[in-house]
Amino acid sequence: MFGLNYNCRLIRLGFSCFISLTCHNIALANKTKDKKKEVAVVSPTIQKKTNTNGTDTAGKTKLQHDLEAENALNRARLEKQLSTIIAQIEQLRLKRERQRLDKEIENEHVRRAHDKAMLLLNMEQEKLTIELALAQAKCMKEMEAYHTQLTELDKKIQLEKGQAQLLQETSHRLKAEIEVLQATNTRDKYIQKKPIYLKDPLIKQSNTLVLSDRCIELNGPITPWKANYIVDQIDYFNNQNKEYPIFLVIGNSPGGVVTAGYNILQAIESSKAPVYVVVKSFAASMAAMITTLATKSYAYPNATILHHQPLAWFIYGNLRETKEAYMRLDKIWKRLGGRVAKKMGISLETFNKKLYEKSVYGDWEEYGDQAKKLKWVDCVINGIQNSAMSSLPDSADYTFEQFIKHYYNANPTKAIEPSLEEMAYNKLAPHDVNYCYRPDHKAQMMDKS
């Protein structure tokens, strides 16, 4: 297609050149003719002057012959150029024809190759069609065999399904019976009874203290995190009800960190609901301070309450540091021991003397009935009625591991029993004092002194 367009453009160009040359020669001939006419026009004038008429006619004839000769020459030249252009056009036509024939031959080769490829593809298609028909026949035969097996398996499954359904119904029936028995057993472990809430929890006739579910337990050393937990519980019960009392039940506590004990005392004193401290077994050091300084306290007659001065084992770099630590410890004792002495109706100096009159270590230990006479506790009770105990206790909660975990906030292994030194005493905050009853530590101090 490109060759044909190119040839057409060449033909047009040739005709354009031919027409341009022709027009140019014609214009040139006309110009020459005009010049000669001017000469002819001038010549008669001269001749008139010379008065020679024969010479004028001869000049015109000669001029006409010259013009004809020149036109013939130009015509010959143009014919020669035209023949050259026509020869070029013929060459271009022949070239275009040859290209057309080459294109037809090439197309014929392509068509033959295409027909050959289509023939091969048709043969391959027929072969694949035959193979597919054979494969389908084979597959149908296998499917019939599988269908027969599937029918047999379906029959077996239906039979086994019926047996399984029968077993499942039996299992559901047995499970329902077990659940009924478990529910009955569980229901027997719980009492459908609400706790008793009394503004005055002491039954004077039997001297029994009635506890509700507004109880907070304090066991083991008093640590900062345990004190925070106790304070948060006091706030919770205050938000729940501000009239009924809250009970801080001390089972067995040797005391603990002074700042933590201050935190508990401050919460008791600022609580709108009364907070009553109940000592069941043993309260010493900071726990004894909380018991004595609480709003109201109760204790079993055989419960033990122990007061002593703060004890610390100072190991400092110089005398100035030791003196400052002693002064800080003395201030703590004046704040705590001074309040206890004031409640007892004696001075702090007298209280200090009595501590060391009772024991060489300064430990003043009394049972609950004697502690009442000393105003360490407000009431001695004969019994406690826990109205919030509505479920049967689980024996798994009363093991050594659970006791250590609850008492010391530790996780001991069954094989190794942790020492009191490892579990009870934690690293203190700056300027804090571990105000805890430690008879083993006191004995070591006395031996060293």
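Residues numbered from 1 in each chain as written. Predicted model: local features only at pLDDT ≥ 70, side-chain atom pairs only at ≥ 80, totals over all residues. Heavy atoms only, no water.

J.: In this structure, what is going on with the overall build of the protein chain? I would like to understand it.
T.: Looking only at helices and strands, the protein chain has 11 helices and 12 strands in total. Buried positions account for 30% of the 449 residues belonging to the protein chain. Residue pairs at least 24 apart in sequence account for 71% of intrachain contacts in the protein chain once pairs closer than 6 positions are excluded. As displayed, the protein chain offers around 30700 Å² of accessible surface, 57% of which is attributable to carbon and sulfur atoms. (Helix = DSSP H or I, 4+ residues; strand = E, 2+ residues; numbered from the N terminus. Buried < 20%, exposed > 50% of the residue type's maximum accessible area, 1.4 Å probe, protein only. Contact = heavy atoms within 4.5 Å. Areas by Shrake-Rupley, 256 points an atom, 1.4 Å probe, with all protein chains shown as cover.)

J.: Mind showing me how you'd approach the packing of aromatic side chains here?
T.: The relation between two aromatic rings is expressed through the spacing of the ring centres and the mutual angle of the planes. What the rule picks out here adds up to 8 aromatic pairs. Consider the rings of Trp364 and Trp376, whose centres lie 5.1 Å apart with planes at 75°: the pair is edge-to-face. Taken together, the residues Trp364 in strand E9 (residues 364-367) and Trp376 in the loop between helix H8 (368-373) and strand E10 (379-380) connect sequence positions 12 residues apart. A relative accessible area of 0% means that Trp376 is categorised as buried. (Phe/Tyr/Trp six-rings, centres within 6.5 Å; stacked < 30°, edge-to-face > 60°.)

J.: Would you mind showing me how to read the side chain of Ser387 here?
T.: In this fold, Ser387 is placed in the loop between strand E11 (383-386) and helix H9 (400-408). Excluding residues within four positions of it along the chain, Ser387 makes contact with Lys194, Pro195, Ile196, Val210, Leu211 and Ser212.

J.: What exactly am I supposed to notice about the pattern of salt bridges here?
T.: As a working rule, side chains carrying opposite charge can pair if their charged atoms are close by. Tallied over the entire structure, the rule returns 12 salt bridges. Of the charged contacts in the structure, one is a salt bridge between Glu104 and Arg100, with a shortest N-O distance of 2.6 Å. Linking Glu104 with Arg100, this pair stays in helix H2 (residues 53-189), spanning 4 residues, or about one helical turn. Taking the relative accessible area as the measure of exposure, Glu104 reaches 41% and is therefore partly exposed. (Salt bridge = Lys/Arg side-chain N within 4 Å of Asp/Glu carboxyl O.)

J.: Help me understand unusual backbone geometry in this model?
T.: With the exception of glycine, most residues fall at negative phi, and the peptide bonds are largely trans. In this model, Asn207 sits at a positive phi of 55°, which is unusual for a non-glycine residue. Within the fold, Asn207 resides in the loop between strand E1 (202-203) and strand E2 (208-211). At Lys375, a position not held by glycine, the phi torsion is positive, near 65°. Note on placement: Lys375 falls in the loop between H8 and E10.

J.: Can you walk me through a nonpolar patch on the surface in this structure?
T.: Side chains of Leu119, Leu120 and Met123 sit close together on the surface and give an oily, nonpolar patch of about 320 Å² of accessible area. Tracing the sequence through the fold places Leu119 in helix H2. A relative accessible area of 51% places Leu119 in the exposed class. (Patch = residues over 30% accessible without salt bridge, like charges linked within 9 Å, V, L, I, M, F, W, Y side chains within 5 Å.)

J.: Would you mind showing me how to read the confidence of the model for the protein chain here?
T.: Interpretation of this model should avoid reading the predicted coordinates in detail wherever pLDDT is low. Of the residues in the protein chain, 76% reach a pLDDT of 70 or more, and the chain-wide mean stands at 82. The low-confidence segment residues 36-51 (pLDDT under 50) makes 9 contacts with residues lying over four places distant or belonging to another chain. Every residue in residues 420-424 scores below 50 in pLDDT, and together they form 10 contacts with partners more than four places removed in sequence or on other chains. (pLDDT = per-residue confidence, 0-100.)

J.: What's the story with the nonpolar core in this structure? I'm lost.
T.: General note: in soluble globular proteins, nonpolar side chains tend to be found buried as a group. Grouped together as the largest cluster of nonpolar side chains are 49 residues, with contacts concentrated most on Leu248 and Phe351. At the level of secondary structure, the elements contributing two or more residues to this core comprise strand E3 (215-218), helix H3 (224-240), strand E4 (246-253), helix H4 (258-270), strand E6 (275-284), helix H5 (286-293), helix H6 (319-344) and helix H7 (348-358). No other element matches the 7 residues that H6 contributes to this core. In contact with Leu248, other than residues within four places in its own chain, are Ile216, Leu218, Ile230, Ile264, Ile268, Val275, Tyr276, Val277, Val278 and Ile290. (Core = buried A, V, L, I, M, F, W, Y, C linked by side-chain atoms within 4.5 Å.)

J.: What am I meant to see in the packing of H6 against H7 here?
T.: Helix-helix packing is described using two parameters, namely the angle between the two axes and the distance between the axes. Two elements in contact, H6 and H7, have axes separated by 9 Å at closest approach and are oriented at 90°. On the basis of their axis angle, the class for H6 and H7 is roughly perpendicular. Listed contacts from H7 to Trp333, Lys334, Gly337, Gly338, Val340, Ala341 and Met344 of H6 are Leu348, Phe351, Asn352 and Leu355. For the contact of H6 with H7, the per-class residue count stands at 7 nonpolar, 3 polar and 1 charged. (Axes fitted to C-alpha atoms, helices over the stretch in contact; angles between N-to-C directions. Parallel < 35°, antiparallel > 145°, perpendicular 65-115°, else oblique. Nonpolar A, V, L, I, M, F, W, Y, C, P; charged D, E, K, R; others polar.)

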